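Each chain, written out:
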Amino acid sequence: MCAIESNLSEARRGDPAGGTEAPKRHFELALAELADALVAGKTEPICAAYLTLRRLEHGIEPGALLGRIERALGDQAPAAILSAFSRRHCFMCDRGTNPCHTCEGTGLVDRFRCPNCEGLGVEACMFCLSSGWSPLEDMPEELRPAVRRLRTAQLRKELDRLAALPMDRALASARKAGPEKRRDLATWLLRLLGRVNVLGNRQAERGPLPGAEEATRRANQLLGALRESVPTQE
Ligand SMILES: [Zn+2]
Ligand SMILES: [Zn+2]
């Protein structure tokens with residue numbers, strides 16, 4: 001093997017001691033990209049830059065990369081990265097649902113309730129189970145426990161919001177909702193149910209999510225009222 005070939009293969013392998021310049025330079029570039037993304041506060045570029053760094057440092061122990069980033073970019077960086085991953089969206093839907101493909105979001109087929117979405121105008125995303133979140137299983141392992149905690153905190157706020165709704169008024173307004181409001185409210189409720197579902201499963205070993213049962217009951221009641229607001233053929 002000639003010297004160039006040997007250098008190339010060394011560069012491809014990467015040198016944990018930093019003996020080769022190319023991987024080090026790539027790392028510095030990716031780090032600079034992460035720094036820019038953190039300043040801009042943009043979720044997707046932050047996640048992408050972290051994943052690039054992780055690919056470049058594939059030999060590193062899980063968790064050690066965050067420490068290295070913290071030393072280079074300051075002690076706010078790890079929390080900002082975890083927060084970005086916790087807010088990362090599912091790429092297959094919009095906030096947990098997609099417009100119904102049968103009625104194109106109107107909730108109606110020939111002036112009557114669409115049989116596919118039951119009038120809601122939206123259907124749950126099967127990829128993220130209508131949580132609207134990028135699946136935890138697709139995330140770097142070292143981030144998952146913290147992302148799960150952050151997502152649980154986000155969900156708690158939404159559960160509180162639903163618990164604070166005066167149900168009589170909310171049901172009455174759901175029964176009168178027009179197509180746009182119906183889609184919006186249905187999306188929020190389906191997403192909330194999806195989030196309870198994806199986090200609740202994991203939460204089982206630490207006890208149930210407080211308020212989740214009552215919230216599920218309320219969400220289903222409101223979804224029922226939304227469905228009833230659309231006329232059926234009979
Ligand atoms: Zn439909
Ligand atoms: Zn989705």
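One structure accompanies this document, and this report is about it. The residue count restarts for each chain, going from 1 along the sequence in the order it is written. As a convention, the first chain written is A and the first ligand written is 1, with the rest following in written order. Under the rules for a predicted model, residues below a pLDDT of 70 receive no local features and side-chain atom pairs below 80 are neither given nor counted, while totals for whole chains, interfaces and linings still include all residues. Only hydrogens and water are set aside; all other atoms, that is, all heavy atoms of the structure, feed into the side-chain values.

Points about unusual backbone geometry
Reasoning step 1: One non-glycine residue, arginine 111, lies in positive phi territory at about 70°.
Reasoning step 2: Comment: elements are numbered from the N terminus, with helices defined as DSSP H or I runs of at least four residues and strands as E runs of at least two. Tracing the backbone shows arginine 111 in the loop between strand S2 (108-109) and strand S3 (112-113).
Reasoning step 3: Burial here depends on accessible area, computed with a 1.4 Å probe over protein chains only, as a share of the maximum for the residue type. Under 20% is buried, over 50% is exposed, and the range in between is partly exposed. Residue class for arginine 111 comes out exposed when judged on its relative accessible area of 66%.
Reasoning step 4: In the Ramachandran plot, serine 130 falls in the positive-phi region, its phi being about 65° despite a non-glycine side chain.
Reasoning step 5: Within the element layout of this structure, serine 130 appears in the loop between strand S4 (122-124) and helix H6 (144-164).
Reasoning step 6: Taking the relative accessible area as the measure of exposure, serine 130 reaches 5% and is therefore buried.

Considering helix H3 (residues 43-56)
Reasoning step 1: Along its 14 residues, H3 runs 20 Å from first to last C-alpha, staying within 8% of the 20 Å computed at 1.5 Å per residue.
Reasoning step 2: Within the span of H3, buried status applies to Thr43, Ile46, Cys47, Ala49, Tyr50 and Leu53. Projection of H3 onto a plane perpendicular to its axis shows the buried side chains occupying an angular sector of 165°, all on one side.
Reasoning step 3: Among the structural elements, helix H2 (21-40), helix H4 (64-73) and helix H5 (77-87) are those in contact with the buried residues of H3. An expected span of 1.5 Å times one less than the residue number is assigned to each helix. The arc in question is traced by the directions running from the helix axis to the C-beta atoms. In this description, contact between two residues means that some pair of their heavy atoms is separated by no more than 4.5 Å.

Observations concerning the coordination of the zinc ion (ligand 1)
Reasoning step 1: Around the zinc ion (ligand 1), the donor atoms from the protein are Cys100 (SG), Cys103 (SG), Cys114 (SG) and Cys117 (SG), and they sit 2.3 Å away.
Reasoning step 2: When the donor residues of the zinc ion (ligand 1) are listed from N- to C-terminus, their spacing reads C-x2-C-x10-C-x2-C. Separated by 11 residues along the polypeptide, cysteine 103 in the loop between strand S1 (97-99) and S2 and cysteine 114 in the loop between S3 and S4 bring together distant segments of the chain. The same class applies to cysteine 103 and to cysteine 114, which are both buried. For Na, K and Ca the donor cut-off is 3.2 Å, while for other metals it is 2.8 Å, and in both cases only N, O and S atoms qualify; water is not among them, so sites may look incomplete.

Notes on the nonpolar core
Reasoning step 1: Here the nonpolar core consists of buried residues drawn from Ala, Val, Leu, Ile, Met, Phe, Trp, Tyr and Cys, with membership extended through side-chain atoms lying within 4.5 Å. Leu162, Leu189, Leu192, Leu222, Leu223 and Leu226 are the most contacted members of the largest nonpolar core, which totals 28 residues.
Reasoning step 2: Broken down by secondary-structure element, the contributors of at least two residues to this core are H6, helix H7 (167-175), helix H8 (179-203) and helix H9 (212-228).
Reasoning step 3: One finds Ala30, Tyr50, Ala146 and Val147 within the second-largest nonpolar core, a separate group that totals 23 residues.

As for the packing of H2 against H3
Reasoning step 1: For every element, the axis is a line fit to its C-alpha atoms; helices are fit only across the contacting stretch, and the angle between N-to-C directions ranges from 0 to 180 degrees. Packing of H2 against H3 leaves a shortest axis separation of 8 Å and a crossing angle of 160°. Considered as vectors, H2 and H3 are oriented roughly antiparallel to each other. The interaxial crossing formed by H2 with H3 has left-handed handedness. Facing His26, Phe27, Ala30, Leu31, Glu33, Leu34, Ala37 and Leu38 of H2, the residues of H3 in contact are Pro45, Ile46, Ala49, Tyr50, Thr52, Leu53 and Leu56. Should an angle lie under 35 degrees it is considered roughly parallel, over 145 roughly antiparallel, and from 65 to 115 roughly perpendicular; all remaining angles are considered oblique. The hand of a helix crossing depends on one turn: near helix anticlockwise from the far one by less than a right angle means left-handed, and clockwise means right-handed.

Here's the deal with the coordination of the zinc ion (ligand 2)
Reasoning step 1: The protein atoms donating to the zinc ion (ligand 2) are Cys90 (SG), Cys93 (SG), Cys125 (SG) and Cys128 (SG), with metal-donor distances spanning 2.3 Å.
Reasoning step 2: For four-coordinate sites, all angles between 85 and 135 degrees define a tetrahedron; for four- and six-coordinate sites, opposite donors beyond 155 degrees with the remaining angles between 65 and 115 define square planar and octahedral shapes respectively, and all other cases count as irregular. One can describe the donor arrangement at the zinc ion (ligand 2) as tetrahedral, given that its 4 donor atoms subtend angles of 105 to 117° at the metal.

Examining the packing of H2 against H4
Reasoning step 1: One way to put it is that H2 packs onto H4 with a least axis distance of 11 Å and a crossing angle of 70°. In terms of orientation, H2 lies roughly perpendicular with respect to H4. Of H4, the residues touching H2 (which contributes Phe27, Leu31, Leu34, Ala35 and Leu38) are Leu65, Arg68, Ile69, Ala72 and Leu73.
Reasoning step 2: Considered class by class, the residues forming the contact of H2 with H4 number 9 nonpolar, no polar and 1 charged. Residue polarity follows a fixed list, in which Ala, Val, Leu, Ile, Met, Phe, Trp, Tyr, Cys and Pro are nonpolar, Asp, Glu, Lys and Arg are charged, and the others, Gly among them, are polar.

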